[in-house]
Amino acid sequence: MASHPERPLPEGFLTLEGQQRFLDVFLPVRNQVLREFYHRPRTGNRSPRTAAPAWRAAIRLLGTRTDETVPELYRLYYNRLFAAIWLALNWGPYTPAIRELPDPLQRIHLSQVNSVDTCWRPAVVSVPPGGLLVEVGTGLSDGWARLALLMPQVRILSITIERDQAEIGRRIARELGLDDRVRFRVGDIFSPGTTGDLAGEADAVTAMGVIPHFPPPRKAEGLHAMAAMLKPGSPLLIFDAYRTRPFSPFMRRALISSLSWYPSGADFRTALDEAGLRPLRFDVHPPAHCLPFADDTRATAALREEFGPLIAWLFPRIVSGFMKGLLKPQESVYLSAVRK
Ligand SMILES: C[S@@+](CC[C@H](N)C(=O)[O-])C[C@H]1O[C@@H](n2cnc3c(N)ncnc32)[C@H](O)[C@@H]1O
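Residues numbered from 1 in each chain as written. Predicted model: local features only at pLDDT ≥ 70, side-chain atom pairs only at ≥ 80, totals over all residues. Heavy atoms only, no water.

Can you tell me about the overall build of the chain, naming the residues and giving the values?
When its secondary structure is counted, the chain shows 14 helices and 7 strands. For 340 residues, the compact-globule estimate of 2.2 N^0.38 gives 20 Å, and the chain sits close to it at 19 Å. Referenced to the eigenvectors of the C-alpha coordinate spread, the extents of the chain come out at roughly 55 × 45 × 45 Å. When each of the 340 residues of the chain is scored for burial, the buried share is 56%. With the model as given, the accessible surface of the chain reaches about 14,300 Å², and the carbon-plus-sulfur share is 55%. (Helix = DSSP H or I, 4+ residues; strand = E, 2+ residues; numbered from the N terminus. Rg over C-alpha atoms; globule rule 2.2 N^0.38 Å. Buried < 20%, exposed > 50% of the residue type's maximum accessible area, 1.4 Å probe, protein only. Areas by Shrake-Rupley, 256 points an atom, 1.4 Å probe, with all protein chains shown as cover.)

Written out as structure tokens, the structure is:
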């Protein structure tokens, strides 16, 4: 696949201990940055603005409203709320070792870091010192931060369509002392200006949980735009899901209102082909490996503190039901592909 020889795995990569060490460093910093970013100075009680986005997010997950854009969706609803229940915005299949851990929040967090490790593995073993990794979909910063801490000699550019995510990422990078080699860019992958200067520059490009937001007729175009950043022979790395059977009518509505469109497996492969990509790996994880994540989604002290007891009780239940409806008819896939 890559033109470079495989290098040894960094210490702590793909091990629970190493992933937990990353969380111990990353989570306090990320949570502090989020608190400072979203909380204006308090005058005493909770800001009256905090509960409103939570209600609107709950209503959206129940399947109404389709009049917003992806950046609005994240800025108003997901960044703060999901940060208070999960590490980030995607899920990771549970490994047997993760399943055995007693703490549900730790299971969720570790499965997501493990997801980042697993998805980015081909880049970790092939990117040369000084090489460039491009991440599409900054989310809540766990992806680029994990890789930047593991690989002190690579440069990372993280692209997101949502401006808060980029600003939060910048602040986390500063706090972690990584801002000399991690950069952020706000832009839509469909707009040529976002990546035009990066054509053929990247040693790997990754996207986790991003493709569902590409509208169905534009999946191949989005994949092609990501692949165009790659140096010849370098890999595009994807973690995502495709559906194995149709969603219920309720889930169809809820997904459209979340501006998400999951392709079928055949659609996914066709889109890769149309984008001029040749899959090298297509590692499928059945729903049983992913569903415990939905059961683990529960209230946290942070959620209670920020949104109050009612939202803290209700929101995880809605999300858990949504995730079960989402994951049951799906398989998750780690995918690496190169340009044909
Ligand atoms: C579900 S989140 C996943 C975030 C992160 N990769 C993770 O795994 O937690 C989807 C991400 O894709 C980004 N995104 C969605 N559509 C995009 C587009 N057209 N161009 C650039 N970024 C996009 C969003 O801003 C968000 O960061």
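Moving on from the model shown.
Please set out the packing of helix H10 (residues 249-257) against helix H14 (residues 301-327) residue by residue, giving values where relevant.
At a closest axis distance of 10 Å, the pairing of H10 and H14 adopts a crossing angle of 110°. Classed by the angle they form, the pair H10 and H14 counts as roughly perpendicular. Taking contact as the criterion, the partners of Met-251, Ala-254 and Leu-255 in H10 are, on H14, Phe-322, Gly-325 and Leu-326. (Axes fitted to C-alpha atoms, helices over the stretch in contact; angles between N-to-C directions. Parallel < 35°, antiparallel > 145°, perpendicular 65-115°, else oblique. Contact = heavy atoms within 4.5 Å.)

I'd love a proper account of helix H5 (residues 104-126), names of residues and values included.
Between its first and last C-alpha, H5 extends 34 Å over 23 residues, near the 33 Å set by a 1.5 Å rise per residue. Approximately 60° is the largest bend angle found in H5, and it occurs at Trp-120, with the proline Pro-122 only one to four residues beyond. The element H5 is largely enclosed, with a buried count of 19 among its 23 residues. With a side-chain oxygen lying 3.1 Å from the backbone nitrogen of Leu-105, the N-terminal cap of H5 falls on Asp-103. (Expected span 1.5 Å × (residues − 1). Bend = angle between axes of the 7 residues up to and from the residue. Polar contact = N/O pair within 3.5 Å; in protein donor to acceptor, adjacent residues only side chain to side chain.)

Could you give an account of the nonpolar core, with specific residues and numbers?
Membership of the largest hydrophobic core comes to 84 residues, with the highest contact counts inside it found for Phe-82, Trp-91, Leu-133, Trp-144, Phe-315, Met-323 and Leu-326. No other element matches the 11 residues that H14 contributes to this core. In this view, Trp-144 contacts Glu-135, Thr-138, Ile-156, Ser-158, Gly-169, Ile-172, Ala-173, Leu-178, Val-182 and Phe-184; residues no more than four positions away in its chain are not counted. Formed by 33 residues, the second largest nonpolar core is a distinct cluster that contains Phe-190, Met-229, Leu-236 and Ile-238. (Core = buried A, V, L, I, M, F, W, Y, C linked by side-chain atoms within 4.5 Å.)

I'd love a proper account of the packing of aromatic side chains, names of residues and values included.
Between two aromatic rings, the relevant description is the distance of the centres plus the angle of the planes. This structure, assessed with the given rule, holds 15 aromatic pairs. Aromatic pair Phe-82 and Phe-315: ring centres 5.8 Å apart, planes at 40°, arrangement tilted. Linking Phe-82 in helix H3 (residues 70-85) with Phe-315 in helix H14, this pair joins segments that are 233 residues apart in sequence. Of the two residues examined, Phe-82 and Phe-315, each falls in the buried class. Taken together through their ring pairs, the aromatic side chains of Tyr-74, Tyr-78, Phe-82, Trp-86, Phe-293 and Phe-315 make up a single cluster. Here the basic side chain of Arg-218 rests over the ring of Phe-190, its NZ or CZ set 4.2 Å away from the ring centre. One Lys or Arg, Arg-269, reaches over the ring of Phe-282 and ends 3.8 Å from the middle of that ring. (Phe/Tyr/Trp six-rings, centres within 6.5 Å; stacked < 30°, edge-to-face > 60°. Lys NZ or Arg CZ within 6 Å of the ring centre and 35° of its normal.)

Help me get a handle on the site of the ligand, residues and values and all.
Within the structure, the ligand sits among 20 residues, and Asn-90, Gly-137, Thr-160, Gln-165 and Asp-188 are positioned closest to it. Between the ligand and Gln-165, the relevant distance is 2.7 Å, taken from an oxygen atom to a side-chain nitrogen or oxygen of the residue. In isolation the ligand exposes 590 Å². Once the protein is present, 95% of that is buried. For the shell around the ligand, the residue count by class is 9 nonpolar, 9 polar and 2 charged. (Near = heavy atom within 4 Å. Nonpolar A, V, L, I, M, F, W, Y, C, P; charged D, E, K, R; others polar.)

Please set out the pairing of strand S3 (residues 182-186) residue by residue, giving values where relevant.
Relative to S3, strand S2 (residues 155-160) runs parallel, the two sharing 5 bridges. Across the sheet, the residue bridging to Thr-160 is Val-186, located in S3. Taken together, S2, helix H7 (residues 163-175) and S3 constitute a β-α-β crossover, and its handedness is right-handed. (Pairing = 2+ DSSP bridges. Right-handed = clockwise from strand over helix to strand, strands pointing away.)

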